[in-house]
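Commentary on secondary and tertiary structure
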Amino acid sequence: MVSRWGVLVLLAVGSLCIQGFALPTTTDQNVYAGYLNPGDQRILVQTIEIEGDGRPTLINAVTVQNLGTASSSDITRIELANSDGMIGYTSNPLGLSSSGTTVLTDYTVPAEGTVKINIYVDVALGTSVSKAKTLQLQARFYYAGAPAPSWVMDGTGEEICKAGFETVDDSHLEEQYFNPNDEGVIQRVTFTDTDANAS
């Protein structure tokens with residue numbers, strides 16, 4: 001009789017441990033980098049906030065996939081970092097535009113902690129980017145080897161554009177008449193640099 005009660009107690013404890021385990025909560029932060037240019041390096045394109053569970057949680061890999069048209073020929077490096085620095089990277093993101101490319105990490109989310117994971121990209125040189133390409137990343141975290149049930153999609157995508165100025169606005173001016181020696185504005189053009197780099 002004693003051994004039967006012992007079995008029942010062990011089963012009950014095991015059940016409570018399984019029910020108490022919950023994966024961290026992930027939320028995209030809607031980061032918009034602006035237009036990316038060929039040759040750009042370490043451009044922040046996505047930030048994901050992670051809220052930890054009641055115990056530390058190991059992230060040992062992150063798969064990054066692009067739903068846009070840019071491939072590993074256009075994006076040459078992907079880096080993951082938190083506020084303390086880099087936690088993982090790949091300089092050969094094969095599969096980026098298909099099944100995704102996996103970045104190995106060894107990062108632990110603190111118990112009850114909230115952290116932010118940033119995703120940075122390097123863009124290939126202009127000779128490798130044949131035309132405008134789009135970047136719409138999504139990420140899937142692996143917790144101690146087990147994949148999260150869903151992807152975290154970037155809410156605001158980017159575009160790789162070969163341009164010094166991304167928008168050129170030629171304002172329409174009212175028709176006017178000039179007499180000899182008159183001065184006035186006959187055309188107004190606004191050039192806007194809205195890319196992701198500082199230059």
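Keep in mind it's a predicted model, so treat the numbers as computed, not measured. Throughout this description, residue numbers start from 1 for each chain and increase along the sequence as written. Under the rules for a predicted model, residues below a pLDDT of 70 receive no local features and side-chain atom pairs below 80 are neither given nor counted, while totals for whole chains, interfaces and linings still include all residues. Heavy atoms from the whole structure form the basis of all side-chain values; hydrogens and water molecules are not counted.

Before going further, it helps to examine the nonpolar core. Residues Leu-36, Val-45, Ile-75 and Phe-141 are the most contacted members of the largest nonpolar core, which totals 31 residues. Secondary structure elements are taken from DSSP: a helix is a run of H or I of four residues or more, a strand is a run of E of two residues or more, and numbering for both begins at the N terminus. Within the residue set of this core, elements represented by two or more residues are β2 (43–51), β3 (57–66), β4 (75–82), β6 (101–109), β7 (114–123) and β9 (137–143). Residue contributions to this core peak at five residues, all from β7. Between two residues, a contact is recorded if the distance between any of their heavy atoms is within 4.5 Å. Not counting the four nearest positions on each side in its chain, Val-45 is found in contact with Val-31, Ala-33, Leu-36, Ile-119, Val-121, Leu-135, Leu-137, Asp-154 and Glu-158. The nonpolar core is taken to be a set of buried Ala, Val, Leu, Ile, Met, Phe, Trp, Tyr and Cys residues, with the residues joined through side-chain atoms within 4.5 Å. Buried means the residue's accessible area, taken with a 1.4 Å probe over protein chains only, is under 20% of the maximum for its type, while exposed means over 50%, and partly exposed covers the values in between.

What follows covers the packing of aromatic side chains. Ring pairs shown here join Phe, Tyr and Trp side chains whose ring centres sit within 6.5 Å, with only the six-membered ring taken for Trp; geometry is labelled stacked below 30 degrees between planes, edge-to-face above 60, and tilted in between. Inspection of every chain in the model, using the stated rule, returns one aromatic pair. Seen from their ring centres, Phe-141 and Tyr-143 are 6.3 Å apart, and the 15° between their planes marks the pair as stacked. Residue class for Phe-141 comes out buried when judged on its relative accessible area of 2%. Overall, Tyr-143 belongs to the buried group, its relative accessible area being 6%. Either the NZ atom of lysine or the CZ atom of arginine qualifies as a charge over a ring when it sits within 6 Å of the ring centre and within 35 degrees of the ring normal. Of note, Arg-42 hangs over the ring of Tyr-120, and the distance from its end group to the ring centre comes to 3.9 Å.

With six of eight residues buried, β4 lies mostly within the body of the structure. Pairing between two strands is assigned when DSSP locates at least 2 bridges connecting them. Sheet topology places β4 next to β7; six bridges connect them, and they run antiparallel. Bridged to Ile-78 within β7 is Val-121. Alignment of β4 against strand β5 (residues 85–90), held across five bridges, turns out to be antiparallel. Counted as the bridge partner of Ala-81 is Met-86 from β5. Counting the residues that bridge the hairpin from β4 to β5 gives two residues.

Examined against the element boundaries, Thr-47 turns out to sit in strand β2. A polar contact is formed between the side chain of Thr-47 and the side chain of Asn-118, at a distance of 2.7 Å. Sequence-distant contacts of Thr-47, defined by excluding residues within four places in its chain, comprise Thr-27, Asp-28, Gln-29, Val-31, Lys-116, Ile-117 and Asn-118. Under this definition, polar contacts are N or O atom pairs within 3.5 Å; protein pairs additionally need one hydrogen-donor-capable and one acceptor-capable atom, and for neighbouring residues in sequence, both atoms have to be side-chain atoms.

What follows covers the side chain of Glu-49. Relative to the assigned elements, Glu-49 resides in strand β2. His is not counted, nor are the chain ends, whereas Lys and Arg count as positive and Asp and Glu as negative. The salt bridge criterion pairs a side-chain nitrogen of Lys or Arg with a carboxyl oxygen of Asp or Glu, the two atoms within 4 Å. With no salt bridge to any partner, buried Glu-49 finds its closest opposite charge in Lys-116, at an N-O distance of 4.4 Å. Those residues in contact with Glu-49 that sit more than four places away from it in its chain are Thr-25, Thr-26, Thr-27, Gln-29, Thr-114, Val-115 and Lys-116.

Across the ten residues that make up β7, a large majority, eight, are buried. Of the strand pairs in this sheet, β2 and β7 are connected by eight bridges, and their pairing is antiparallel. By the bridge assignment for β7, Thr-47 is matched with Asn-118.

As a further point, take the sheet that holds β4. Taking strand neighbours across the sheet as the criterion, the five strands line up as β1-β2-β7-β4-β5 in an open arrangement whose pairing is antiparallel. The sheet is open, and its two borders are formed by β1 (25–28) and β5, each paired with just one other strand. Each strand axis lies, on average, 25° off the axis of its neighbour in the sheet, ignoring direction. Every angle, taken between N-to-C directions, lies between 0 and 180 degrees, and every axis is a line fitted to C-alpha atoms, over only the stretch in contact when it is a helix.

On average, residues of the protein score 82 in pLDDT, and 74% of them are at 70 or above. Confidence scores labelled pLDDT are given residue by residue by the predictor and lie between 0 and 100. Looking over the protein, one finds the lowest element-wise mean pLDDT in helix α1 (residues 2–20), namely 39, and the highest in strand β11 (residues 152–153), namely 98. Predicted confidence for residues 1–20 stays below pLDDT 50, and this span has one contact to residues more than four positions away or in other chains.

Turning to its location among the elements, Leu-94 is positioned in the loop between β5 and β6. On a C-alpha basis, the gap between Leu-94 and Ser-73 in space is 8.6 Å, while along the polypeptide they are 21 residues apart. Apart from residues no more than four positions distant in its own chain, Leu-94 is found in contact with Ser-72, Gly-100 and Thr-101.

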